[in-house]
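The residues making up each chain are set out below.
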Amino acid sequence: MTSPVPAGRTQPAPVAHRTHHLADGREAVFFADRGSSPVERVTDRRPLGERAGHGQVRFDRLTGEWVAVAAHRQTRTYLPPADQCPLCPSVGGRESEIPAEDFDVVVFENRFPSLGPELGELPAGERELWGSPSPAFGRCEVVVFTPDHRGSFAGLTPERARTVVEAWAQRTEALSAMTGIRHVFPFENRGEDIGVTLHHPHGQIYAYPYPAPHAARLAARSRAHRERTGRALMGEVLADESAAGDRMVLAGRHFSAYVPYAARWPLEVHLVPHRQVPDLAALTGAERDELAVIYQDLVQRVDRLYTTPTPYIAAWHQTPVTTADRETGWLHLQLTSPRRAEDKLKFLAGSEAAMGAFINDVTAEQTAARLREAAR
C-alpha cells in the first residue's frame, strides 16, 4: 500500500520486529531499537478466556457519517496505580498486557477495542442501513513507547523515538492491507485533561472500516483542489506558511512545523513533510530519521510552555486507503491542546460542540512566537 520511493531516495531498512500472541489470541508486535533484537519468546499465562465481544457502527443519515457504539468498553481499566499498570513489563510475578520482563516498543491489539476484532466490509446504501447496525469491523492497537512507567514521548532517547516512528510506519502498512480497512489513524492522547485512562507513555492506532469524517473532508478538498489547479493543496499551504514566516515554528531538510493561519485551538501546530506522501509507511529512511528528531523537538517545546506538562492530542492525518485519495492527499501531524493559560482550559461549548464553529482565544502568530522561544 505504500507509494513508490522516488529515484535517488533510499527505502528504509526492514523493521526489526517479531509478532507474538497473548493468552486470548491477540497479536503483540515487539519492535527493537537499532542494534538490538526484539523479544524472541513470550508466554502469556493469564486466564483471559475469550475476547470481548465487538461493538457496532450505526449510520447517521443526516450527516452521512458512521458512529461507533462500544458499550462493552465500560469495564476497561481506568487510571490504575503504577503497580497495577497493564502497560508495564511483567516482572516479579505480576502479569501485564506485555508478557516480557523488558522490551523496547510493543504494539498490541487493544483488549477493549472500539473497532474489531472482526474484519469485514460495511454494507452500502443509506435507507437500508437505518435500524440495522453493522458489526464494528476494524482494529484498535496500543503502542507502548517504553517499559518505563513515567515520562512521555518528549523524554524518550533519540533511538527509542526512532523505533516508535518505525512502529507507526510498519503498523500503518500492515493495517492498510487488511480486509475492509479504509483509514489508519495513529495518535497519542497525553494527560488526564484529554481523557487518558492510563498514565504509562503510549499511543494508539485505529484502523477504521470507513474514512473518518475529518479525513474524508480533507480528502475531498484535496481532490477538488488538484482537479481545479493541478497542484497539491497541502503543498500550497506549506509554501504559503513558509513564505509568510510569522507562524513558522521550525524547519528541517524534510519536515517543517507551523501554527496554521486559522488555528482552532489555543495551542495547535502542524508538522508537514516537504515531499507529498500519503502516510508514514511511504517515508524514506532519511525522512523517518529526521521525523524522530524534529517531532521530539516539537513536543519538548510544548512541554516548556508551562511549569507542568501540557495535555495534548497528537493526531497523524494519513490519507484514506483509496487510490484517488493517496494520489492527492498529504501526510501531516496535527498537535492540539485545550490549554489556553497555565491554569485555564478551553472547553468545547455551544458554538464548537454543536455547530463545529471554533472560536480561538489566542492568535496563531502569538502561539508560534511562544513555540519558537521555547527552543533550547
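Residues numbered from 1 in each chain as written. Predicted model: local features only at pLDDT ≥ 70, side-chain atom pairs only at ≥ 80, totals over all residues. Heavy atoms only, no water.

Trainee: Would you take a moment to explain the pattern of salt bridges for this structure?
Mentor: Between side chains of opposite charge, a pair can form as their charged atoms come close. Counting across every chain of the model gives 30 salt bridges. Between Arg247 and Glu241 there is a salt bridge, with the nearest N and O atoms lying 2.9 Å from each other. Both residues of the pair, Arg247 and Glu241, belong to the buried class. When salt bridges that share partners are traced, they join Glu27, Arg51, Glu109, Arg139, Glu141 and Arg171 into one network. (Salt bridge = Lys/Arg side-chain N within 4 Å of Asp/Glu carboxyl O. Buried < 20%, exposed > 50% of the residue type's maximum accessible area, 1.4 Å probe, protein only.)

Trainee: Is there a simple way to explain the packing of aromatic side chains in this structure?
Mentor: By convention here, two paired aromatic rings are described through the distance between centres and the angle between planes. A complete count under the given rule lists 13 aromatic pairs for this structure. Summarising the aromatic geometry, the rings of Phe145 and Phe153 are spaced 5.5 Å apart at their centres and angled 80° between planes, so their arrangement reads as edge-to-face. One exposure class covers both Phe145 and Phe153, and it is buried. Their ring planes at 55° and their centres at 5.6 Å tell us that Trp168 and Trp316 sit as a pair that is tilted. Here Trp316 lies in strand E13 (residues 312-317) and Trp168 lies in helix H1 (residues 158-176), a separation of 148 residues in the sequence. Note on Trp168: relative accessible area 4%, which makes it buried. (Phe/Tyr/Trp six-rings, centres within 6.5 Å; stacked < 30°, edge-to-face > 60°. Helix = DSSP H or I, 4+ residues; strand = E, 2+ residues; numbered from the N terminus.)

Trainee: Explanation requested: the packing of H1 against helix H4 (residues 285-304) in the structure shown.
Mentor: Helix-helix packing is described using two parameters, namely the angle between the two axes and the distance between the axes. Remark: H1 packs on H4, axes separated minimally by 9 Å, with the N-to-C direction vectors making an angle of 120°. Between H1 and H4, the crossing angle belongs to the class labelled oblique. For the pair H1 and H4, the sense of crossing is right-handed. For the pair H1 and H4, the contacting residues are Pro158, Ala161, Arg162, Val165, Glu166, Trp168 and Ala169 in the first and Gly285, Arg288, Asp289, Leu291, Ala292, Tyr295 and Gln296 in the second. Class assignment for the residues of the contact of H1 with H4 results in eight nonpolar, two polar and four charged. (Axes fitted to C-alpha atoms, helices over the stretch in contact; angles between N-to-C directions. Parallel < 35°, antiparallel > 145°, perpendicular 65-115°, else oblique. Left-handed = near helix turned anticlockwise from the far one by under 90°. Contact = heavy atoms within 4.5 Å. Nonpolar A, V, L, I, M, F, W, Y, C, P; charged D, E, K, R; others polar.)

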